[in-house]
Amino acid sequence: MHKIFLILVVSLFYSNTNAQNIPMTFHNGSFASIPLVIPGVMNPNLSPKSNSGVGLDVGQKVYFFPNGKKKNKEILFIVAATWKNDTILQIDKMIQKRKRELVTKTSND
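Model, not experiment: these values are computed from the prediction.

The rules behind the values
Residues numbered from 1 in each chain as written. Predicted model: local features only at pLDDT ≥ 70, side-chain atom pairs only at ≥ 80, totals over all residues. Heavy atoms only, no water. Core = buried A, V, L, I, M, F, W, Y, C linked by side-chain atoms within 4.5 Å. Buried < 20%, exposed > 50% of the residue type's maximum accessible area, 1.4 Å probe, protein only. Helix = DSSP H or I, 4+ residues; strand = E, 2+ residues; numbered from the N terminus. Contact = heavy atoms within 4.5 Å. Phe/Tyr/Trp six-rings, centres within 6.5 Å; stacked < 30°, edge-to-face > 60°.

Caption draft 1: Representation of the nonpolar core. Ranked by internal contacts, the top residues of the largest apolar core, which has 18 residues, are Met24, Phe26, Leu36, Leu56, Leu76, Phe77 and Ile91. Those elements that provide at least two residues to this core are strand 1 (21–28), strand 2 (34–37), strand 4 (50–57), strand 5 (61–64), strand 6 (74–78) and helix 2 (91–108). Filtering out sequence-adjacent residues up to four positions away, Leu36 remains in contact with Phe26, Asn43, Pro44, Leu46, Val62, Tyr63, Phe64, Leu76 and Ile91.

Have a look at this one:
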């Protein structure tokens, strides 16, 4: 009985320490390409009016270039454990919102 309990505890610990991979779709509804940076995964360039499937681990950061310059990147989002599988992310709209947040933050500093 103790052996079964120990195996159960170890397996629960192992499953909680592994990153959960969440499949999702990046949708670019704009007429412009959108370059992104996903460290350790890829650096996709989303084509205009396209969908791109990707699976990302919880905690993964995704960056964008707010001024179109490849030197100056900002966090677009961080994948959360609460996200549902197969979510469609409107990347162009997320970038618009994030740019507004960055402008507001800069004007308040």
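Caption draft 2: Region of the structure containing the packing of aromatic side chains. Within the structure shown, the criterion is met by two aromatic pairs. With a centroid separation of 6.1 Å and 90° between ring planes, the pair formed by Phe26 and Phe77 is classed as edge-to-face. Here Phe26, found in strand 1, pairs with Phe77, found in strand 6; they are 51 residues apart in sequence, far enough to count as distant. Centre to centre, the rings of Phe77 and Trp83 are 5.2 Å apart; their planes meet at 40°, and the pair counts as tilted.

Caption draft 3: Representation of the side chain of Ser50. Within the secondary structure layout, Ser50 lies in strand 4. Once you skip the residues sitting within four places of it in the chain, Ser50 turns out to touch Phe26, His27 and Asn28.

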